[in-house]
Structures are given as C-alpha cells and as structure tokens.
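Residue strings, one per chain:
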Amino acid sequence: MAQKGVQLDQEAFSCSICLDLLKDPVTVPCGHSYCMNCIKSHWGKEDEKTIYSCPQCRQDFTPRPVLVKNTMLAVLVEELKKTGLQAAPADHCYAGHEDVACDVCTGRKLKACKSCLQCLASYCEKHLQPHFEAAPLKKHKLVEPSKKLQENVCSRHDEVMKMFCRTDQQSICYLCSVDEHKGHDTVSAAAERTERERELGVSRQNIQQRIQDREKDVKLLQQEVEAINGSADKTVGNSEKIFTELIRLMEKRRSDVKQQVRSQQQTEVSRVRELQEKLEQEITELKRKDAELEKLSHTEDHNQFLHDYPSLSPLSESTHSSSIKIRPLRYFEDVTAAVSEVRDKLQDVLREKWTNISQTVTEVDVLLSGPEPEPKTRAEFLKYSCDITLDPNTAYTQLLLSDGNRKVTVMTEQQSYSSHPDRFTGRCQVLSKESLTGRCYWEVELRGNVSVAVTYKNISRAGGSYECWFGGNDKSWALDCYNNSYNFWYNKVSTPVSGPRSSRVGVYLDHRAGILSFYSISETMTLLHRVQTTFTQPLHAGLGLYYSPGDSAELCKLK
C-alpha cells in the first residue's frame, strides 16, 4: 500500500504535458496544474485563436488566463524531490493493449520485461528482482514476455507441461505420462526441442544452399547478358565498317542486318532477364523463409516452439534446375564472317547469300539445352578460327613480338617495354590481347620448348610463383610441349599426354560448354588432351617459353 501511495503522489505532482515533476507550477482556472513553460508553450501554439483550453479537461477560457506561480504547490514539489522519488513513469512504460502486463503491479500495470515458465507469471523490472536475488527463484526459466503462459499448463492436471508425447505429437505434463499417455513414446520438451532444432537446421542449410545456387545462376545469367550485348555490339560495329565500303545498292541490306541483330539481341536478352527475375524472386522467398525459421529457432519457450513448429509451411520445390545450362554458341560473331563474305562476293550475296546472314543471326539462342556437336574434321574446326594477336603490355621483358604481334621469340637481352601492371615479371609468358568466349579455334607454330595455354585475365603477373605460371594454379590450363614430349598442367598437377609430336598445335575452346581440346596438327589432326570443366570468366590465349634464346611460337593465320 505504501508503494501505491508513492505512485499516486508522483502522478499528482507531475505535469501532464511533459510527464515530469512540476517545474514552476501554475494552476489554470479549471484547477489543473502544469509547468509554467509547458502551458505557455501549449497556449503559444494557439495565439491566433481567441479561446484557450486546458490540455486535460478541454475547458475553454476567454480571454487567455493570467498565469501566476502556485507557491504552495511549488513547495510540495520541492519536498517531494528531497525524498529522492522520481517522476511517474512515462506512458510508454505502461502496458498497452498489445503489451504483456506485469502480473504483480496493482493499479495501472507496467510492461513486463520477462515471463517465468515456473511461476507462469510475467514481471516488470522491479518485480522481477527477486528472481535475481532469491536462490530458489534463480533456477527458474525466464523468457521474453509472453501472453501464452497458460498454454504451458495441463488443463487436466493443472501441472506445467514439461514433457512431449511423440506418439500423439503434443505437450503433456508428468501426470499425463503415467496416465492416458502411459506406454507412449514420451521425452522431455527440451529433448524434443533439440531434435526439432536439428531438423530446422537441416532445413536452413537446404535453403541457404538453394540461395547460393540461385545467386550463382543469377550471376551466370548476368554474365551471359553482358556477353550477348558485347557480342552483338561488336558484330554491329564490324558490319557497319564493312557495309560502308559497299555501293549504294547494299544500303538496304546493311540496315536489314543491323535490325535483325538488334532484334535477336533484344529477344535473347529478354529471355535471360525473365529467367533472372524469376530466380531473384525465388531467392527473396527463400530468404523470407529462412528468416521465418531463424525467428522460430530463437524462441526460448519450448512449448511455444513446439506449438508453432507444425504451422510452418513446407519448403516448396524449386521451379528451376540447380544450374543454368547455356547453349554453347558464338552469339553474333559468325555474322561478321558472313558480312565479310558479302563484301568479297557482292553479286552472290544479292542473289543467294542474304539467306546465310539472316539464318546466322536467328541461330543465336542462349538458353536452349543440348550443345551442338563438336567439330570432327579440320575443315569444321576452321569454321571457328579466330584472329588472335599478342598483347605487348603482358610480355615478359626478354620476349620479342613480331609479325603484327603474332610471333614471340626469346631474346638474350631485355626489350624496351614500358612498365605496365599487366606484364609478367618473373615468367617468360605473354597473353593474347583478345578475350575468348563462345567457340574458338586457333593454331600455334612451335620452335623449341613452348607451353600453349588458356587463362583467366586475373592470373597473377608479379614474380615467378606457381600463381603466375600457366598450369600452376586454378586459373589456367596449359599443354607443355617440352623435349619432344607433352604434359598437361592444371593447378600444379601434371598429366602425361601421348600423341604424335608436331611443330603445330591446334587449340579448340567451347567456353559455354566448358570444353578445351589440344590437337597435334600435321597431315592429320590428332587429339592430344581434352578438358571438360566450367569456365566462369572469359579466357585469354597464352604462350609460355623456357628462356632459351631463339625459341619461338607463332599464332597462325588460318583465314
């Protein structure tokens, strides 16, 4: 009762505007009291009006009342302060309709900060203190405030339900386990919680794996969009250069090629974007489901956990495959070759070859499954031949580039190359200027010991470690042609390769299908080694030599 009296005293001497103890208290004609500054500020907002009202009872005053300090009330407030009491709790400390109220508070109840599963009661901070001080109460299980504590009590025996019947899939008390649930498979609620949490963990792992798979697919599709756009842009640019050399009669055909390429580009990009959006929606749903499971996993009340667990919606099956299969194509590169043929054979194009250009554009179909057959003859490989040159900015300083940057030769003296971050500083190697995607074929004429390779652009360049060496890391693949023998290198692992020794090696790359093949080229074309993998970035051709002056390698002109 003393506590209640103090609480009433605090409320009686508190300003209803600032909720703090009165400062320079004044009393308005209706009898309510406020801080001098609070009521002045409140009425100051109504200065344009002629009627002033009490914030509590809404009684109107005309004219504005003259405010005089209530000296008696001011003395009482000062005395109240000396007792060490504080102002009444702010409104947000009291329990509202949606809050869990303290079961001990009388009068206006404060919000509960914890609920006790043993006491089956909820407590505010003040009334919770005995649970931290009294030894018997310290053993009680405290959880976040809950309105569902009574659901932990067995309606039949009025006992706390601390067990779970797996036979009937419900929470029970100890008396239930020896009564109507006798002989059933019963365990403690904590043990059942542990088992369900294990299942929940597995579900979360599955969700997280699917998220990773979908994010990987989205990234792959984004790369395809960039490749399609880059290929289409390059094709349109090359077509423009070629067609500008032709006579006025070819103007119509030029615009037709441009229109078809852009139309097909838009169609393919739209298809990829549509699938990409679906995958992103699935990722969003999976993350929402994961958050739901995570929230449930943090529920401290075992029975509440078990009560909510069956209501979780099952994880839906994925509507998409675990990986995106991209049809291995060269996008629009073949269009450039077709247009070049147009330039050389104008009359044939006008009568017959236009169909060839149109069909080549429409064959771009990124998302179709089932790759085209691999080339079988050298003539078929030559259809995919690409024009490759070497990049001087990557060449080791003792390498001389010549023949239009197609040939590289080892020299005894250093060459006058400028400093460049792309240059190999400790390995006698050089990269192609062009990046390689789609289907590509090229041949290298060898003299001496040479490593024929493909590599990602981000291979290390500084120093002589394995990270910089073709085949010495997971970013490059190399056929080592050394002392009349072959060895294939990848990630520091060497694989002996048998086959006829030749001065010319052919390289076939199907980037999207993940195929890399090396061939010995002489009178016949013999497969030396074939790699089936997944390429995650565009590749560059690479040539590595062994510091022997005079050794050389040359990218052959095949067209």
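Just so you know, these numbers come straight off a predicted model, no measurement behind them.

Draft legend 1. Main features of the pairing of strand 16 (residues 476-482). Taking burial as the measure, the seven residues of strand 16 include six buried ones, the bulk of the element. Alignment of strand 15 (residues 450-456) against strand 16, held across six bridges, turns out to be antiparallel. Directly across from Ser451, in strand 16, lies its bridge partner Asp480. Examined bridge by bridge, strand 16 and strand 17 (residues 485-490) share six bridges and lie antiparallel to one another. Each bridged residue has a counterpart across the sheet, and for Cys481 the counterpart in strand 17 is Tyr486.

Draft legend 2. Here's a closer look at the packing of aromatic side chains. For the structure on display, the rule yields 16 aromatic pairs. Where Phe424 meets Phe470, the ring centres are 5.8 Å apart and the plane angle is 85°; that geometry is what we call edge-to-face. Pair noted here: Phe424 is in the loop between strand 12 (407-410) and strand 13 (429-431) and Phe470 is in the loop between strand 15 and strand 16, with a separation of 46 residues, a long-range link. As far as burial versus exposure is concerned, Phe424 and Phe470 are alike and both buried. Geometry around Tyr94 places Arg108 over its ring, the cationic atom sitting 3.8 Å from the centre. Its guanidinium or amino end placed over the ring of Tyr466, Lys492 lies 5.5 Å from that ring's centre, counting from NZ or CZ.

Draft legend 3. Structural view of a nonpolar patch on the surface. A grouping of Tyr174, Leu175 and Val178 is seen on the molecular surface, where their side chains present a nonpolar patch of about 300 Å² in accessible area. Here Val178 is to be found in the loop between helix 7 (174-177) and strand 10 (186-188).

Draft legend 4. Main features of the pairing of strand 23 (residues 552-555). Bridge analysis of strand 12 against strand 23 gives three bridges, and the strand direction is antiparallel. Directly across from Val408, in strand 23, lies its bridge partner Ala553. Bridge count for strand 14 (residues 439-447) against strand 23 is four bridges, and the pairing is antiparallel. Looking at strand 23, one finds that Val444 is bridged to Leu555.

Draft legend 5. Spatial organisation of the environment of Arg156. Within the secondary structure, Arg156 is located in the loop between strand 7 (142-143) and strand 8 (163-165). By relative accessible area, which is 58% here, Arg156 ends up exposed. Between the alpha carbons of Arg156 and Cys173 there is a distance of 9.2 Å; along the sequence they are 17 residues apart. Residues contacting Arg156, with those up to four places away along its chain left out, are Asp179 and Glu180.

Draft legend 6. Seen up close, the sheet that holds strand 22 (residues 539-545). In spatial order, the strands read 13-22-15-16-17-18; together these six strands make up an open sheet with antiparallel pairing. Since the sheet does not close on itself, it has two edges, and those belong to strand 13 and strand 18 (493-497), each with one partner. Going across the sheet, the axis of each strand differs from the next one's by a mean of 20°, ignoring polarity. Bridge count for strand 15 against strand 22 is seven bridges, and the pairing is antiparallel. Considered in strand 22, the bridge of Val454 is made with Ala541.

Draft legend 7. Geometry of the side chain of Ser33. Positionally, Ser33 belongs in strand 2 (residues 33-35). Looking at Ser33, its side chain comes within polar contact range of the side chain of Thr27, at 2.9 Å. With residues up to four places along the chain from it excluded, the contact list for Ser33 reads Leu22, Val26, Thr27 and Leu73.

Draft legend 8. Representation of the packing of helix 8 (residues 189-243) against helix 11 (residues 333-344) within the structure. Where helix 8 meets helix 11, the axes come as close as 8 Å, and the angle between the chain directions of the two elements is 5°. Looking at the two axes, helix 8 sits roughly parallel to helix 11. Between helix 8, through Ser231, Thr235, Asn238, Ser239, Ile242 and Phe243, and helix 11, the contact on the second element is made entirely by Glu333, Val335, Thr336, Val339, Ser340, Val342 and Arg343. Within the contact of helix 8 with helix 11, the residues separate by chemical class into five nonpolar, six polar and two charged.

Draft legend 9. Local environment of the nonpolar core. Counting 40 residues, the largest nonpolar core has Leu399, Val408, Trp442, Trp477 and Leu516 as its most contacted members. In terms of nonpolar packing, the next biggest core, distinct from the first, is built from 32 residues, Val236, Phe243, Leu293 and Leu296 among them.

Draft legend 10. Looking closely at the sheet that holds strand 6 (residues 121-123). Ordered in space as 6-5-7, the three strands form an open sheet in which the pairing is antiparallel. Only two strands of the sheet have a single neighbouring strand rather than two, namely strand 6 and strand 7.

Draft legend 11. Highlighting the environment of Cys440. Note on placement: Cys440 falls in strand 14. The class of Cys440 is buried, set by a relative accessible area of 5%. C-alpha of Cys440 to C-alpha of Tyr384: the two residues are 56 residues apart in sequence and 5.1 Å apart in space. Those residues in contact with Cys440 that sit more than four places away from it in its chain are Tyr384, Cys386, Val507, Tyr508 and Leu509.

Draft legend 12. Expanded view of the packing of helix 8 against helix 9 (residues 251-297). Taken N-terminus to C-terminus, the directions of helix 8 and helix 9 make an angle of 165°; their axes are 9 Å apart at the nearest point. Taken together, the axis directions place helix 8 and helix 9 in an arrangement best described as roughly antiparallel. Helix 9 is crossed by helix 8, and the crossing has left-handed handedness. Taken together, the residues that form the contact of helix 8 with helix 9 break down as 20 nonpolar, nine polar and 21 charged.

Draft legend 13. Main features of unusual backbone geometry. In this chain, Thr62 is followed by Pro63 through a cis amide linkage whose omega measures 0°. Mapped onto the fold, Pro63 is located in the loop between strand 4 (60-61) and helix 3 (71-82). Despite not being glycine, Asp24 shows a phi value in the positive range, around 50°. The topology assignment puts Asp24 in the loop between helix 1 (2-12) and strand 1 (25-27). Given a relative accessible area of 43%, Asp24 falls into the partly exposed group. The residue Asn491 is not glycine, and still its phi comes out positive at about 55°. Residue position: Asn491 is located in the loop between strand 17 and strand 18.

Conventions we followed
- Residues numbered from 1 in each chain as written.
- Predicted model: local features only at pLDDT ≥ 70, side-chain atom pairs only at ≥ 80, totals over all residues.
- Heavy atoms only, no water.
- Buried < 20%, exposed > 50% of the residue type's maximum accessible area, 1.4 Å probe, protein only.
- Helix = DSSP H or I, 4+ residues; strand = E, 2+ residues; numbered from the N terminus.
- Pairing = 2+ DSSP bridges.
- Phe/Tyr/Trp six-rings, centres within 6.5 Å; stacked < 30°, edge-to-face > 60°.
- Lys NZ or Arg CZ within 6 Å of the ring centre and 35° of its normal.
- Patch = residues over 30% accessible without salt bridge, like charges linked within 9 Å, V, L, I, M, F, W, Y side chains within 5 Å.
- Areas by Shrake-Rupley, 256 points an atom, 1.4 Å probe, with all protein chains shown as cover.
- Salt bridge = Lys/Arg side-chain N within 4 Å of Asp/Glu carboxyl O.
- Contact = heavy atoms within 4.5 Å.
- Axes fitted to C-alpha atoms, helices over the stretch in contact; angles between N-to-C directions.
- Polar contact = N/O pair within 3.5 Å; in protein donor to acceptor, adjacent residues only side chain to side chain.
- Parallel < 35°, antiparallel > 145°, perpendicular 65-115°, else oblique.
- Nonpolar A, V, L, I, M, F, W, Y, C, P; charged D, E, K, R; others polar.
- Core = buried A, V, L, I, M, F, W, Y, C linked by side-chain atoms within 4.5 Å.
- Left-handed = near helix turned anticlockwise from the far one by under 90°.

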